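Residue-level structure breakdown
Here's the letter readout for the chains.
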Amino acid sequence: MADNGTVPQGFWTETAQLVRAVSRAMGVTFRNLFRKPVTVHYPTTERKYPERYRGLLALVYEPDTGEEACIGCRLCEFVCPPAVIKVEMLKTPERNYAKTFTLELYACEFCELCVQVCPTDAIVMMKSFDMPTADRRDMLLDKDRLHTIGLKYERTWATGNKLRDMQAPPKGAPRPGHAAAPAAAAAPAPAAEPKGVEA
Ligand code: SF4
Ligand code: SF4
């Protein structure tokens, strides 16, 4: 209200805008008061992981023999971008094993490259991320803990062999930069008969 008792210009317009804005905000609040909560009380309540979820890394045993699937070849160690895998190979006359295998999960990028290169499908990702901890040392996984995780949780569908099959070009497709050669050009030309030689 101005000193002379008159209402300033635009007062009623601004008041109406304010009332509309407050009503809209209170409407949102009221609507949400009666909505079902979307949060769950983890870890007492667990959500189902999506079908293609890929989380914790683990080592697995061969399904038919029960032996460790890892042959200690160190391919996963060489391919890992942040270099969080360390493997020592143990050679035996029958086959090779991983003598030691450590994975620093706290520094893992979850890029899945280790899974993609594994020739024996020994390292896989689990359909879970249930490893809450306040101590980084709990996430330094040795061979035994990696195998325990492999037994405890459900595996994802993705194994090294399946991923490589999926990414390979279709059979018979020309390689990039190499146009398919015509059939006549591909067939070797018959050797010329030396002059003066009769069949
Ligand atoms: S997921 Fe990637 S970063 Fe993690 S251990 Fe495997 S290769 Fe290394
Ligand atoms: S997990 Fe696979 S890639 Fe890594 S050392 Fe074992 S066999 Fe080799």
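Going along each chain's sequence as written, the residues are numbered from 1 onward. Here every chain gets a letter starting at A, and every ligand a number starting at 1, in the order they are written. Only residues with pLDDT of at least 70 get local features here, since the model is predicted, and only at 80 or more are side-chain atom pairs given and counted; chain-wide, interface and lining totals rely on the full set of residues.

Helix and strand definitions follow DSSP, with helices as H or I runs of at least four residues and strands as E runs of at least two, each counted in order from the N terminus. Scanning the protein for helices and strands turns up six helices and five strands. Its helices and strands taken in sequence order, the protein reads α-β-α-β-β-α-β-β-α-α-α from the N to the C terminus. Within the span of the protein, comprising 199 residues, buried residues form 18% of the whole. Pairs at least 24 residues apart make up 73% of the contacts formed inside the protein by residues separated by at least 6 positions. Exposure in this text rests on C-beta crowding, where 20 or more other C-beta atoms within 10 Å of a residue's own make it buried, 12 or fewer make it exposed, and counts in between make it partly exposed. The C-beta atoms are placed from the backbone. Once C-beta atoms are placed from the backbone, any two residues with those atoms within 7 Å are in contact.

Around ligand 1 sit 15 residues in total, of which Cys80, Cys108, Glu109, Cys111 and Cys114 are the nearest. For the shell around ligand 1, the residue count by class is 13 nonpolar, no polar and two charged. Being near a molecule or strand means, for a residue, that its backbone-placed C-beta atom lies within 6 Å of it. Amino acids outside the nonpolar list (Ala, Val, Leu, Ile, Met, Phe, Trp, Tyr, Cys, Pro) and the charged list (Asp, Glu, Lys, Arg) are all regarded as polar, and Gly is one of them.

Lining the immediate environment of ligand 2, one finds 14 residues, of which Cys70, Cys73, Cys76, Cys118 and Ile123 sit closest. Class assignment of the residues belonging to the shell around ligand 2 gives a composition of 11 nonpolar, two polar and one charged.

With that settled, the discussion passes to the sheet that holds strand 3 (residues 96–104). DSSP-based pairing: two strands are paired if at least 2 bridges between them are found. Overall, antiparallel pairing links the three strands, which are arranged 2-3-5 in an open sheet. Bordering the open sheet on either side are strand 2 (85–91) and strand 5 (140–141), each of which pairs with just one other strand. Across two bridges, the pairing between strand 3 and strand 5 is antiparallel. By the bridge assignment, Leu103 is partnered in strand 5 with Leu141. Its contacts with the sheet put helix 4 (residues 143–152) on strand 3 and strand 5, and the angle it makes with strand 3 is roughly 85 degrees. Only the stretch in contact is used when a helix axis is fitted, and all axes are lines through C-alpha atoms; the angle between N-to-C directions ranges over 0 to 180 degrees.

Moving on: the nonpolar core. Here, a nonpolar core means buried Ala, Val, Leu, Ile, Met, Phe, Trp, Tyr and Cys residues linked by C-beta atoms lying within 7 Å of one another. Counting residues in each nonpolar core, the largest one holds 26 residues, and the members touching the most others are Ala58, Leu59 and Ile123. When residues no more than four places from it in sequence are discounted, the contact partners of Ala58 are Val124, Met126, Leu146, Ile149 and Gly150.

With seven bridges joining them, strand 2 and strand 3 adopt antiparallel strand pairing. Looking across to strand 3, one finds that Val87 is bridged to Phe101. The turn joining strand 2 and strand 3, which pair antiparallel and follow one another in sequence, is formed by four residues.

A helix is expected to reach a length of 1.5 Å times the quantity of its residues less one. In a regular helix each residue adds 1.5 Å, so 23 residues correspond to 33 Å; helix 1 (residues 11–33) covers 33 Å between its end C-alpha atoms and thus fits that length. Little of helix 1 sits out of view: just zero of its 23 residues are buried.

With respect to the helices and strands, Tyr53 occurs in the loop between helix 1 and strand 1 (57–59). Here Tyr53 falls in the partly exposed class, since 14 other C-beta atoms lie within 10 Å of it. With 75 residues separating them along the chain, Tyr53 and Ser128 place their C-alpha atoms 7.6 Å apart.

Another point: unusual backbone geometry. Following Tyr42, the chain continues into Pro43 via a peptide bond in cis, with omega recorded as 5 degrees. In this fold, Pro43 is placed in the loop between helix 1 and strand 1. With phi around 55 degrees, Phe110 is a residue other than glycine that occupies positive phi space. Positionally, Phe110 belongs in the loop between strand 3 and helix 3 (113–117). The exposure class of Phe110 is exposed, given the 12 C-beta atoms found within 10 Å.

Let us look at the confidence of the model for the protein. Values of pLDDT, the confidence the predictor places in each residue, fall between 0 and 100. Taken as a whole, the protein shows an average pLDDT of 87; of its residues, 86% reach a score of 70 or greater. Ignoring residues within four places in sequence, the model shows residues 183–199, a span with pLDDT below 50, making one contact including any to other chains.

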